[in-house]
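The lines below spell out each chain.
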Amino acid sequence: MTTTTGTPSPADLITDDWRLHGSIYTSPAIFAAEQEALFHGPWLYVAHESELREDGDYKTTYAGTQPVIVVRGADDGEIRVLLNRCRHRGSAVCHDERGNANYFRCPYHGWTYKNSGELRGITYDDAYPELDRDQLGLVRLPRVESFAGFVFASFAAAGPSLEEYLGNAGRYLRIVSEQGPDGIRLSAGSHKLAYRGNWKLQVENTIDNYHFGFVHRSFLDVLADRIGEAPPIMQNVLKNPEWRTIDLGNGHSVHEFGDPETGNNQGQLGDLPFNLIIFPNLCFVGAQLRHILPKAADATEVRLYPILHEGDSDADNAAILRAHEGFYGPAGMGGADDIEVAFDRVGDGLKAVEEDWLVMSRGLHREQPGENGTVVGRASDEVPQRAFYRQWRRLMAEEAA
Ligand code: FES
Ligand SMILES: [Fe+2]
């Protein structure tokens, strides 16, 4: 294969034998097309209800690359998702990551918006005799729905319900929401990281059991020293039939390494008995919600939210935070290795474009049909990656048509 010039059609970027073209990760044109196809229509995760408990509570985040405010109305308690862009000359009106406010006041020239979005005040407004204020509220995303406490929004006024969109993945989201005796909360806020590479690398790495024994070798060595024998993770990944990866449909996927119903995770890797990817950019790993924010073809921000247990003791929740820091923190045993190898070095490697194809076929021959149209594979197979790219190809092709 030779390198491509211009923008090939999405169908040409993934072959039938599951080779992926490198431009999927590097092309600004493909990144722009993704913003239309993946982030401007399908449901996008924006918040968990525990972040918006009181009327007036808000958080700022991104829907695709677009900055948004997710806010519970001070007057009516309704959750709205508003574009964080002043209608005057474009400044983001809210800078704080979270808080409580009845109004948002733009820092540039002082225009003021109610927290439901309506334009409330224009400073020195005698200069605007003709302006129709009713048309100049913060732009609101037309659909917002919650599922098991997880709030999603869509730029599309019509389309499948959130429940339909989640499909087989809904069951797993419910289990996440029931982790604590009285549910969960994201009150610790987020731990952020940024890397020089494409956003999809972090999605793929979320359920990539193949890499664990290589990238996290130093972690496994420390663990072996502590427990006096090799930890069973890689043995389970390669041989345990109960450890399996599943294409749940609609781009969602899961790696089960315990019983999702009982929550038994065999003492492995954190609290949840599975890792989960909700297409396109929401993931769950161990005791953590991971929101992946695309910034450019070669730039990504990731926000990691430790999932705390409502109804458990402060000491138990502190232990969740310490465990998070121990693996994912800047001085932790694992997260930095993923950033270095799975993101930064892949970003560098992909600049060599003479033979610009990657191999995504691991375990393709042993995929099995599961319940409700799912596809099941072994733990170290690239089933989750193919689940993601089946949906990616479908949406990108629809957009290109
Ligand atoms: S840009 Fe917001 S008031 Fe001018
Ligand atoms: Fe990793």
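Counting restarts for each chain, with residues numbered from 1 along the sequence as it is written. Here chains are named by letter from A upward and ligands by number from 1 upward, in the order in which they appear as written. The predicted nature of this model means local features are confined to residues of pLDDT at least 70 and side-chain atom pairs, given and counted, to a pLDDT of 80 or more, with totals for whole chains, interfaces and linings taken over all residues.

Novice: Run through the sheet that holds strand β9 (residues 119-121), naming residues and quoting values.
Specialist: The 3 strands are arranged β7-β8-β9 in an open sheet whose pairing can be described as antiparallel. At either margin of the open sheet sits one strand with a lone partner, and together these are β7 (103-105) and β9. Strand after strand, the sheet turns through a mean of 35° between neighbouring axes, direction not considered. A pair of strands is treated as paired once DSSP finds two or more bridges between them. Numbered from the N terminus, helices here are DSSP runs of H or I no shorter than four residues, and strands are runs of E no shorter than two. In the sheet, strand β8 (residues 112-114) pairs with β9 via 2 bridges, with the strands oriented antiparallel. If you follow threonine 112 over to β9, its bridge partner there is glycine 121. Between N-to-C directions, angles span 0 to 180 degrees; the directions come from axes that are lines fitted to C-alpha atoms, helices contributing only their stretch in contact.

Novice: How would you explain the domain arrangement of the protein if you had to name every residue and give the values?
Specialist: Accessible area lost upon the coming together of the parts is a frequently used measure of interface size. Domain boundaries in the protein define domain 1 (44-154) and domain 2 (170-400). The centre of domain 1, based on its C-alpha atoms, is set 31 Å off from the matching centre of domain 2. Distance between backbone-placed C-beta atoms decides contact: two residues are in contact if it is within 7 Å. Counting from both sides, the interface comprises 11 residues of domain 1 and, opposite them, 15 residues of domain 2. Here the side of domain 1 that touches domain 2 is composed, by residue class, of 5 nonpolar, 5 polar and 1 charged. The domain limits used here are those given by an automatic or database domain assignment. Amino acid classes used here: Ala, Val, Leu, Ile, Met, Phe, Trp, Tyr, Cys and Pro are nonpolar; Asp, Glu, Lys and Arg are charged; the rest, including Gly, are polar.

Novice: Describe the pairing of strand β19 (residues 299-306), with residues and values.
Specialist: By the bridge criterion, 5 bridges tie strand β13 (residues 191-195) to β19 in an arrangement that is antiparallel. Residue pairing across strands places tyrosine 195 opposite threonine 300, the latter belonging to β19. By the bridge criterion, 8 bridges tie strand β18 (residues 288-296) to β19 in an arrangement that is antiparallel. Residue pairing across strands places histidine 291 opposite arginine 303, the latter belonging to β19.

Novice: Describe the packing of helix α2 (residues 28-37) against helix α11 (residues 383-400), and please don't skip the residues or the numbers.
Specialist: How two helices sit against one another is set out by the angle between their axes and by the gap between those axes. Remark: α2 packs on α11, axes separated minimally by 9 Å, with the N-to-C direction vectors making an angle of 90°. Regarding the angle of α2 to α11, the classification is roughly perpendicular. The segment α2 lies against α11, with Ala33, Glu36 and Ala37 engaging Leu395, Met396, Glu398 and Glu399. Partitioning the contact of α2 with α11 into residue classes produces 4 nonpolar, no polar and 3 charged. Our angle categories are set so that under 35 degrees counts as roughly parallel, over 145 as roughly antiparallel, 65 to 115 as roughly perpendicular, and the remainder as oblique.

Novice: Got a sec to walk through helix α10 (residues 335-349)? Specific residues and values, please.
Specialist: Every α-helix carries 3.6 residues per turn, so stepping three or four residues along brings you back to the same face. In a helix, the anticipated span is given by 1.5 Å times the number of residues less one. For α10, with 15 residues, the first-to-last C-alpha span of 20 Å sits near the 21 Å given by 1.5 Å per residue. To sort residues by exposure, count the other C-beta atoms lying within 10 Å of each residue's C-beta; 20 or more gives buried, 12 or fewer gives exposed, and values between give partly exposed, all with C-beta atoms placed from the backbone. Turning to α10, its buried residues are Gly335, Asp338, Ile339, Phe343 and Gly347. The buried residues of α10 occupy an angular sector of 100° when the element is viewed end-on, so they sit on one face. Exposed side of α10, more than 90 degrees from the buried face: Glu340, Asp348 and Gly349 are the residues found there. Of all possible arcs, the one meant is that of the directions from the helix axis to the C-beta atoms.

Novice: Give me the lowdown on the sheet that holds strand β11 (residues 150-154), citing residues and values where you can.
Specialist: In space, the 3 strands of this open sheet follow the order β2-β11-β10, with antiparallel pairing throughout. The sheet is open, and its two borders are formed by β2 (44-48) and β10 (143-147), each paired with just one other strand. Across the sheet, the axes of successive neighbouring strands diverge by a mean angle of 30°, strand direction being ignored. With 5 bridges joining them, β10 and β11 adopt antiparallel strand pairing. Residue pairing in the sheet places valine 144 in a bridge with alanine 153 of β11.

Novice: Run through helix α7 (residues 217-227), naming residues and quoting values.
Specialist: For α7, the tally of buried residues reaches only 0 of 11 residues, placing the bulk of the element at the surface. Trailing α7 by a residue or two, glycine 228 shows a phi angle of about 85°, which is positive.

Novice: Residue-level account of the packing of helix α5 (residues 199-206) against α10, with values.
Specialist: In the contact formed by α5 and α10, the axes pass within 10 Å of each other and the chain directions differ by 135°. The orientation of α5 relative to α10 falls into the category oblique. α5 and α10 meet at a crossing whose hand is right-handed. Of the residues in α10, those in contact with Leu201, Gln202 and Asn205 of α5 are Asp338, Ala342, Phe343 and Val346. Two helices crossing with the near one rotated counterclockwise from the far one by less than a right angle form a left-handed crossing, whereas a clockwise rotation gives a right-handed crossing.

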